[in-house]
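Letter by letter, the chains look like this.
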Amino acid sequence: MKGRSRVVISLGSNLEPRAEYLRKAVTRLAALPETRLVRESRVRVTDPVDVPVFFKSLKFLNQIVVLETELDAWDFSQAMHGIEDDLGRVRTMRNAPRTIDLDLITFGDLKSSKPELVLPHPRAAEREFVMVPLREIWLEELRELYDRYVRNYRDPFGHLSRMMQLKYDHTRLVVENAEAIAKAEQFTDEECFVAVAAALLHDTGRYEQLERYNTFKDSESVDHAVFSHDIVKEKGWLRELSGAQLAKPLEAKILKAVLYHNRRDLPAKLDPLTELASHTVRDADKLDIFRVLEDQVAHSDWRNDSRAFWNLQVGVPPNPAVVKAIRERRPVDYQEIKSLSDFVLIQVGWMLSGLRYETSRRLCRERGHLDFRRKFLREIGGGPEADALCDLVVF
């Protein structure tokens, strides 16, 4: 076969020494002719599936590995079965304990319905012992693709400009916030993957926005959420993942969560997973925007270089339209933002009615974001209207 194929394999063992069998299998797979190991997931302990009751105590160690090979699918699958035989695999009754179990999950983009070689693996998407480690690998791959893209904006010494570094750090911390929300709210592994992937990709367009327009203000450049969505879709990152056929049902959901993250309101009748991911990114984004404002006030010359604050006027009272919308718990029209006080009050409005999850409200309270804004609004001329709006926030 000419050319390389990316191969995803699921490994499992529930006979001791389980870890040794896994290590030996990975080593032998990587040593196959014209084959190299690309990536391994962590090893996980899982319960056996569809086994007689007397085998249920024999827990599995499971792992996913990704390889690249120039072998064809048939030769590769035969070599894989040879490794199983060499490591003592005995095929007796269905789902009996085994020293090693190697399942070919995907082989490039090949589709096959031949009884001796069905691809992609017909039950892979139903098996959490396959999908959980595979999603772990997908997130690693997305992080690498994202970082490779950001490299285009680094100088010859590997540095980003101050404003681009701000966005790079922001993305990293939005991802951390999304992970914290997912854990505390007890998301499923699939929900966590979609939400965290969307958090990673949500501001991809910010680098090119600043490069072209020298601003992060959408009204003077482009809608950064649409820009990010279009760049990620055009780059095809979600279609480059190992075992991408299994990720395909999630691609549109991740892209929609990126697209909607800055909308005043989410579209009606979203499917549950897209809605969950969208709310998670919106909350995680807001939580770090709180931090960004505080960091800029503390560590930048924001009075003379206020691009992070849209170059808004300081010392100007809040726009009554902004105050009214927040008091009525309505989204603020960004065209009404006329001053830095308005900019900060929008964030107070988020605390009042713009955070979806209890975890987000708890993190906001624990991090002291409301107290900081109350004090800062007094400093920049927010007046009694700003104080009164801060008083409405109850976590």
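Note that the structure is predicted; figures quoted are calculated from it, not measured.

J.: Is there a simple way to explain the pattern of salt bridges in this structure?
T.: Close approach of charged atoms allows side chains of opposite charge to pair. With the rule as written, the count across this model stands at 37 salt bridges. Glu20 serves as the salt-bridge partner of Lys24, at 3.0 Å between the closest nitrogen and oxygen. Of this pair, Lys24 and Glu20 both sit in helix 1 (residues 18–30), four residues apart, roughly one helical turn. Residue classification places Glu20 among the partly exposed residues on the basis of a relative accessible area of 32%. Its salt-bridge partner being Arg172, residue Glu176 comes within 3.7 Å of it at the nearest N-O pair.

J.: Before we go on, may I ask you to explain the side chain of His229 in this structure?
T.: Considering the arrangement of structural elements, one finds His229 in helix 7 (residues 224–235). For His229, a relative accessible area of 14% gives the class buried. Contacts of His229, omitting those with residues within four sequence positions, involve Leu255, Val258 and Leu259.

J.: What is the right way to look at the packing of helix 5 (residues 189–201) against helix 8 (residues 244–260) in this model?
T.: Where helix 5 meets helix 8, the axes come as close as 8 Å, and the angle between the chain directions of the two elements is 45 degrees. It follows that helix 5 is oblique to helix 8 by the angle criterion. Crossing handedness for the pair helix 5 and helix 8: right-handed. Along the contact surface, helix 5 presents Glu190, Phe193, Val194, Ala197, Ala198 and Leu201, while helix 8 presents Leu250, Lys253, Ile254, Ala257 and Val258. Among the residues making up the contact of helix 5 with helix 8, the classes are represented as nine nonpolar, no polar and two charged.

J.: Sorry if this is basic, but what is going on with the pairing of strand 1 (residues 5–13) here?
T.: For a regular strand, side chains alternate in direction, first toward one face of the sheet and then toward the other. The buried fraction of strand 1 is high, at eight of nine residues. Of the pairings in the sheet, the one linking strand 1 to strand 4 (residues 60–69) comprises nine bridges and is antiparallel in character. Bridge pairing links Leu11 to Gln63 in strand 4. With six bridges connecting them, strand 1 and strand 5 (residues 101–107) associate as antiparallel partners. Within the sheet, the bridge partner assigned to Gly12 lies in strand 5 and is Asp101.

The rules behind the values
Residues numbered from 1 in each chain as written. Predicted model: local features only at pLDDT ≥ 70, side-chain atom pairs only at ≥ 80, totals over all residues. Heavy atoms only, no water. Salt bridge = Lys/Arg side-chain N within 4 Å of Asp/Glu carboxyl O. Helix = DSSP H or I, 4+ residues; strand = E, 2+ residues; numbered from the N terminus. Buried < 20%, exposed > 50% of the residue type's maximum accessible area, 1.4 Å probe, protein only. Contact = heavy atoms within 4.5 Å. Axes fitted to C-alpha atoms, helices over the stretch in contact; angles between N-to-C directions. Parallel < 35°, antiparallel > 145°, perpendicular 65-115°, else oblique. Left-handed = near helix turned anticlockwise from the far one by under 90°. Nonpolar A, V, L, I, M, F, W, Y, C, P; charged D, E, K, R; others polar. Pairing = 2+ DSSP bridges.

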